[in-house]
Amino acid sequence: MEKALKIFFCLLAVTLSFGVNAQSDVEMADTMRSEGKIYVVVSIILIVLAGLIAYLFIMDRKVKKLEDQLTDKKH
Amino acid sequence: MKTWLKLTAIALLFYVHIAGLLFDVPRLNILNETIRALYFHVPMWFGMVLLFLISFIYSIRYLGKPSPETDRKVVAYANVGLVLGILGILTGMLWANYTWGSPWHGDPKQNGAAIALLVYLAYFVLRGSLDNEEQRARLSAVYNIFAFAAMIPLIFIIPRMTSSMHPGSGGNPGFNMYDLDSSMRLIFYPAVIGWFLIGLWIASIRIRIKTIEEKILELEDGKSA
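Note that residues are indexed from 1 along each chain, following the sequence as it is written. As a convention, the first chain written is A and the first ligand written is 1, with the rest following in written order. Whole-chain, interface and lining totals are the exception, using all residues; otherwise, since this is a predicted model, local features are given only for residues with pLDDT of at least 70 and side-chain atom pairs are given and counted only at 80 or more. Side-chain numbers here rest on the full set of heavy atoms in the structure, without hydrogens or water.

Regarding the packing of helix H3 (residues 68-99) of chain B against helix H4 (residues 108-128) of chain B
Helix-helix packing is described using two parameters, namely the angle between the two axes and the distance between the axes.
Residues and elements named next belong to chain B.
Thinking step 1. The convention used is that axes are lines fitted to C-alpha atoms, helices contributing only their stretch in contact, and that angles between N-to-C directions extend from 0 to 180 degrees. Secondary structure counts use DSSP, requiring at least four H or I residues in a row for a helix and at least two E residues in a row for a strand, with both numbered from the N terminus. Packing of H3 against H4 brings their axes to within 10 Å, and their N-to-C directions diverge by 150°. Classified by the interaxial angle, the pair formed by H3 and H4 is roughly antiparallel. Every pair of crossing elements has a handedness; the one defined by H3 and H4 is left-handed. Side by side, H3 and H4 meet where Asp71, Val74, Val75, Ala78, Asn79, Leu82, Gly85, Ile86, Ile89, Met93 and Ala96 of the first sit next to Gln110, Ala113, Ala114, Leu117, Tyr120, Leu121, Tyr123, Phe124 and Arg127 of the second.
Thinking step 2. Its residues assigned to classes, the contact of H3 with H4 shows 15 nonpolar, three polar and two charged. Note that the term roughly parallel is reserved for angles under 35 degrees, roughly antiparallel for angles over 145, roughly perpendicular for angles of 65 to 115, and oblique for everything else. The handedness criterion is simple: a crossing whose near helix is rotated anticlockwise from the far helix by less than a right angle is left-handed, and one whose near helix is rotated clockwise is right-handed. Note on contacts: a residue pair is in contact if any heavy atoms of the two residues lie within 4.5 Å. Here the term charged refers only to Asp, Glu, Lys and Arg, the term nonpolar to Ala, Val, Leu, Ile, Met, Phe, Trp, Tyr, Cys and Pro, and the term polar to all other amino acids, Gly among them.

Details of the pattern of salt bridges
Two side chains that carry opposite charge are able to pair once their charged atoms sit near each other.
Thinking step 1. Any carboxyl oxygen of Asp or Glu that lies within 4 Å of a side-chain nitrogen of Lys or Arg is treated as forming a salt bridge with it. Tallied over the entire structure, the rule returns 10 salt bridges over all chains.
Thinking step 2. For Arg208 of chain B, the salt bridge goes to Asp60 of chain A, with nearest N and O atoms at 2.9 Å. You can see Arg208 of chain B sitting in helix H6 (residues 185-224) and its partner Asp60 of chain A sitting in helix H3 (residues 38-74), one on each of two chains. Each member of the pair, Arg208 of chain B as well as Asp60 of chain A, is classed as buried.
Thinking step 3. Its salt-bridge partner being Arg127 of chain B, residue Asp71 of chain B comes within 2.9 Å of it at the nearest N-O pair. With Asp71 of chain B in helix H3 and Arg127 of chain B in helix H4, this residue pair connects regions lying 56 residues apart in the sequence. Classification of residues uses two cut-offs on accessible area relative to the type maximum, computed with a 1.4 Å probe and protein chains only: under 20% is buried, over 50% is exposed, and between them is partly exposed.

What about the environment of Leu38 of chain B?
Residues and elements named next belong to chain B.
Thinking step 1. Tracing the backbone shows Leu38 in helix H2 (residues 38-64).
Thinking step 2. The class of Leu38 is buried, set by a relative accessible area of 4%.
Thinking step 3. In sequence terms Leu38 and Trp95 are 57 residues apart; their C-alpha atoms lie 9.6 Å from each other.

Here is the structure:
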């Protein structure tokens, strides 16, 4: 487990280090990034993702409840 | 589905959504910042193909050893696969609008994907049109095998044989064009695995709901008899 975590963080560090790419004249959303507004977008997307996943968990639990009710009825 | 698999899927997706928006990507003309759509658009298709593959395997298994349980699995995986495919084609249209100039370009990759989705849509039409359960399961399992055999050339082979603007088709290299340092793969593959696992999760819920439905029907039949 510890080894797996180590590998994960090494990979993460390697990916981050690619960030030192040379600037070129291709237009990218650099201003948005430097202003930090990109974090707003990331946060909003994560809220939506978290909400949908929570919803999926709730549905999963509802189905489990139905299954339990059904087994109770059979006996 | 095992809880640790669900948690893995969630962890992967959170990582993908953060890294996919924040990490550096190659600077390319025309694509610009939209290159990041690769992390969200392509995993839909990979997920769809994997789910259709599972559905295909269960179809073969059904024909070898028919059981209502296997039939339920065939439907559920095909259903979730179709949903991912529809999301894939919608995201592709939006992306094409800004990089190719119009949402529907009549590109062989787009046309092939649309036909493949229609072929799978017909699978559900076929199921809906048959009343007898056994007949429905058997005929639709045969059709499902045909649908998978049609989807592979439509999406992967024909676009490569003609000229297509879609990366990975018509002599265009797949990813090699973007990820010279393959840094994008570190986000792309987790995205594929994450969405595929979510697809499996939703399919498992659908299978369980179907099972409950059929058990209730059985109970009711037992009472009336």
